[in-house]
Structures are given as C-alpha cells and as structure tokens.
Amino acid sequence: GAVVSQHPSWVICKSGTSVKIECRSLDFQATTMFWYRQFPKQSLMLMATSNEGSKATYEQGVEKDKFLINHASLTLSTLTVTSAHPEDSSFYICSARVSLNTGELFFGEGSRLTVL
Amino acid sequence: AQSVTQLGSHVSVSEGALVLLRCNYSSSVPPYLFWYVQYPNQGLQLLLKYTTGATLVKGINGFEAEFKKSETSFHLTKPSAHMSDAAEYFCAVSVSGGSYIPTFGRGTSLIVHP
C-alpha cells in the first residue's frame, strides 16, 4: 500500500522557537494532504487541507499564522509551528488522500511535539 | 453534513473473546465508511473500508465489519481477541458532499485482558 512518512517523530523545543514537521508520500503523488492534531485520549482534529501548489485551507479556529502549511511538491507537505508555546504541545499527524472518490487516507507515523 | 458516533470510549475483553466495537453514522447521501487502528504514539492504519458492493467487508488482522443501511451502523468485529489487538480504533465516514474529507469518531480504546 501507499506509504506516508512523517519526520521528526519526536521533537522538543523551547518556547518562542519554530518547528517544522515534514510529511512525504514515498511511492505515490499526493495532490492533497491533511494535517491533524490529536490531544491525549481524543480523536483527530482536522487542522487544514494542504493542496499542492496552492494555499492551504484551514479549519475554523486554527490560526493560519501560527501553523504554516506548505505543499510545494506532489510528495511533500510541511507544517511549521511558529513561535511555539507549551499549549502547542501535541501529537500532529499528516495524511494523504489515496482515492479522490472515497476519502481513504494513508497516515504518517505522527510527530510528538513538546514545547518547554 | 456527516457525523460518526462511536459508542463506548473503552471496551474491555478477555483474550480469545469476541470483539465488538460500535459505530453509527449520519449521512443524507450514501457514505463511505472506514475503520482505522492506532497504536500508541503512531499514526493510523486502515483496517477495512466499505465503499460499494458487498456489505460485509473483511480487513486485516481478522477484523470485519458489516454495513447496515437500515441501522446506519458499521460495527467492527473480531471473533477472538488477541493481546496485540489492544489499541485505539477510529470509525470514519466520508461523502461526496463533504468533498470526501472523512469525519472521524471519538475513538474506542480496546483493552484486552490475559
């Protein structure tokens, strides 16, 4: 099946710094990728839809300037958490849409961000 | 808009017992339904999916689910639980009107006792 690779798996940073998380589709081209945030013991919260070559579509309540998403190629989308604060600590998961007509997704391994 | 309800945030079974995780959906158009599994500190992995055709779908690791339109349900079952099945399970639905962006349920944590 399709493989989505996410890096880094774990990252610890200081308050005020920025962190970039990469999401790559390894064996297929992903025109659309999704970024989720997951709080402990909770479901996935869709943050934004990333479309190759265009601006990301953010869900209501997600700060565009805080969570910068770039999808510059058909195999790479990045999420940059800018000026990170401890409340940004979370598990971030990317996914790529495999089928345009069903919504089936392949997920990355997730990235655990801890902001000190 | 579509929605998913997973009954029970935790389900506890003994090893070898039947696993039943419940999922009900709401949609005004024919849905596509998915079950994903998540192990600690990992992403989600597709267990099985219903798109069209046979309403009983088989997935990986011995899991299966049946789409019941009359009950708007897509419950996940496995005849005999194994310790390695302990994980978080998410039901998801997508529809054409929602641009096929899936909506996820809250998740059900499966606990397997020896």
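Everything that follows concerns the structure shown earlier in this document.
In this text the structure is predicted, and so the values were computed from the model without any measurement.

Definitions and limits used
Residues numbered from 1 in each chain as written. Chains lettered and ligands numbered in written order. Predicted model: local features only at pLDDT ≥ 70, side-chain atom pairs only at ≥ 80, totals over all residues. Heavy atoms only, no water. Core = buried A, V, L, I, M, F, W, Y, C linked by side-chain atoms within 4.5 Å. Buried < 20%, exposed > 50% of the residue type's maximum accessible area, 1.4 Å probe, protein only. Helix = DSSP H or I, 4+ residues; strand = E, 2+ residues; numbered from the N terminus. Disulfide = S-S within 2.5 Å. Contact = heavy atoms within 4.5 Å. Salt bridge = Lys/Arg side-chain N within 4 Å of Asp/Glu carboxyl O. Polar contact = N/O pair within 3.5 Å; in protein donor to acceptor, adjacent residues only side chain to side chain. Nonpolar A, V, L, I, M, F, W, Y, C, P; charged D, E, K, R; others polar. Pairing = 2+ DSSP bridges. Axes fitted to C-alpha atoms, helices over the stretch in contact; angles between N-to-C directions.

Draft legend 1. Molecular detail of the nonpolar core. With 27 residues, the main nonpolar core has B:Trp35, B:Leu48, B:Phe74, B:Leu76 and B:Tyr89 as its most contacted residues. Listing elements by their share of this core, those giving two or more residues are β2 (10-14), β3 (19-26), β4 (32-38), β5 (44-50), β7 (64-68), β8 (73-78), β9 (87-94) and β11 (108-113) of chain B. Counting residues in each nonpolar core, the second largest holds 25 residues, with A:Cys13, A:Ile69, A:Leu79 and A:Val81 among its members.

Draft legend 2. Looking closely at the state of the cysteines. In total, this model carries two disulfides over all chains according to the counting rule given. Residue A:Cys23 pairs covalently with A:Cys94 via a disulfide, S to S 2.0 Å. Classification of the bridge connecting A:Cys23 and A:Cys94 rests on its S-S torsion, roughly 80°, and on that basis the disulfide is right-handed. Taken as a pair, A:Cys23 in strand β3 (residues 19-25) and A:Cys94 in strand β9 (residues 90-97) lie far apart in primary sequence, 71 residues in all. We note that A:Cys23, like A:Cys94, is buried. Between the sulfur of B:Cys23 and that of B:Cys91 lies a disulfide, 1.9 Å long from S to S.

Draft legend 3. Inspection of the interface of chain B and chain A at higher detail. Facing the 20 residues of chain B at the interface are 23 residues of chain A. Across the pair A:Glu104 and B:Lys49 runs a salt bridge, and its minimum N-O distance is 2.5 Å. Counting across the chain B and chain A interface gives six residue pairs in polar contact (both at pLDDT 80 or more). Of all the elements in the fold, those that place two or more residues in the side of chain B that touches chain A are β4, β5 and β9 of chain B. The element that contributes the greatest number of residues to the side of chain B that touches chain A is β4(B), accounting for four residues. Across the side of chain B that touches chain A, the residue classes tally to ten nonpolar, eight polar and two charged.

Draft legend 4. How the structure looks around the pairing of strand β8 (residues 76-81) of chain A. Residue and element names in this part refer to chain A. Most of β8 sits inside the fold, with five of its six residues counted as buried. Summarising the sheet, β3 and β8 pair through six bridges and their orientation is antiparallel. Along β8, the bridge assignment pairs Val 19 with Val 81. Looking at chain direction, strand β7 (residues 67-73) and β8 are connected through five bridges and run antiparallel.

Draft legend 5. Highlighting the sheet that holds β3(B). Residues and elements named next belong to chain B. Ordered in space as β1-β3-β8-β7-β6, the five strands form an open sheet in which the pairing is antiparallel. Looking at the sheet topology across the chains shown, the edges are occupied by β1 (3-7) and β6 (56-58). Recorded for the sheet is a direction-independent mean angle of 20° between the axes of neighbouring strands. Across five bridges, β1 lies against β3 in antiparallel orientation. Residue pairing across strands places Val 4 opposite Tyr 25, the latter belonging to β3.

Draft legend 6. Representation of the pairing of β3(B) within the structure. Residue and element names in this part refer to chain B. What you see with β3 is a clean split: Val 19, Leu 21, Cys 23 and Tyr 25 sit on the buried side and Leu 20, Arg 22, Asn 24 and Ser 26 on the side with no burial. Direction of pairing for β3 relative to β8: antiparallel, over a ladder of four bridges. When the bridges of β8 are listed, Leu 20 appears paired with Thr 77.

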